[in-house]
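Understanding the architecture of this molecule
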Amino acid sequence: MCQHQPTCPSAESTDREAARVLACFPEQGWSLLCNGVIAFEDTGELLPDGRTIAPHRGPARHALVA
């Protein structure tokens, strides 16, 4: 359970990515958040209960048509 003040958002919250990073492994492309979520650099997530959240970043700037 989170001991931070204010408390980090839970893994079920829509703002779960705002939780503090407990461990970061940039060479492997993932971080463990305080709420138990594993956040991947492609913006995908693995929740503590095993559910996955697909990557949800927008298109790359160079892919946008002016």
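First, a word on scope: everything that follows refers to the structure included in this document. (Residues numbered from 1 in each chain as written. Predicted model: local features only at pLDDT ≥ 70, side-chain atom pairs only at ≥ 80, totals over all residues. Heavy atoms only, no water.)

Thoughts on the nonpolar core
Just so we agree on the cut-off: The criterion is simple. A nonpolar core is a set of buried Ala, Val, Leu, Ile, Met, Phe, Trp, Tyr and Cys residues joined through side-chain atoms within 4.5 Å. Think of it in three bands: residues with accessible area under 20% of the maximum for their type are buried, residues over 50% are exposed, and the middle band is partly exposed, with areas taken using a 1.4 Å probe on protein chains only. Contacts: residue pairs with any heavy atoms within 4.5 Å of one another.
Counting 9 residues, the largest nonpolar core is built from Cys2, Cys8, Ala11, Ala19, Leu33, Cys34, Val37, Ala39 and Leu47. With residues up to four places along the chain from it excluded, the contact list for Val37 reads Ala11, Arg16, Ser31, Leu32, Glu45, Leu46, Leu47 and Pro48.

Observations concerning the pairing of strand β1 (residues 21-25)
This is how the line gets drawn: Should DSSP find at least two bridges between two strands, the strands are taken to pair. Secondary structure is summarised from DSSP: a helix means a run of H or I of at least four residues, a strand means a run of E of at least two, and numbering begins at the N terminus for each.
In this structure, β1 lies alongside strand β2 (residues 30-33), joined through 4 bridges in antiparallel fashion. Within β2, the residue paired with Val21 across the bridge is Leu33.

A short note on the pairing of β2
Every second residue of β2 is oriented toward a common face, the buried set being Ser31 and Leu33 and the non-buried set Trp30 and Leu32. Taking the residues between adjacent antiparallel strands as the criterion, β1 and β2 are bridged by 4 residues, where Gly29 takes a positive phi near 85 degrees. Counted along the chain from β2 to the antiparallel partner strand β3 (residues 38-40), the turn is 4 residues long, and its residue Gly36 has a positive phi close to 90 degrees.

Description of the sheet that holds strand β5 (residues 52-53)
Pairing between the strands of a sheet comes from backbone hydrogen bonds, and it takes one of two forms, parallel or antiparallel. Strand order across the open sheet formed by 5 strands is β1-β2-β3-β4-β5, with antiparallel pairing between neighbours. Sheet topology places β1 and β5 at the edges, where each strand pairs with a single neighbour. Pairing geometry for strand β4 (residues 45-46) and β5, over 2 bridges, is antiparallel. Bridge pairing in β5 links Glu45 to Ile53.

As for the side chain of Arg16
The condition that has to hold: The term polar contact refers here to a pair of N or O atoms within 3.5 Å; inside protein, the definition further demands a hydrogen-donor-capable atom paired with an acceptor-capable atom, and it admits residues adjacent in sequence only when both atoms are side-chain atoms.
Structurally, the position occupied by Arg16 is in the segment before β1. A relative accessible area of 13% places Arg16 in the buried class. A polar contact is formed between the side chain of Arg16 and the backbone oxygen of Ala11, at a distance of 3.2 Å. In terms of polar contacts, Arg16 uses its side chain to reach the backbone carbonyl oxygen of Ser13, at 2.9 Å. Beyond its immediate stretch of four places on either side in the chain, Arg16 contacts Pro9, Ser10, Ala11, Leu33, Asn35, Val37, Glu45, Leu47 and Ile53.

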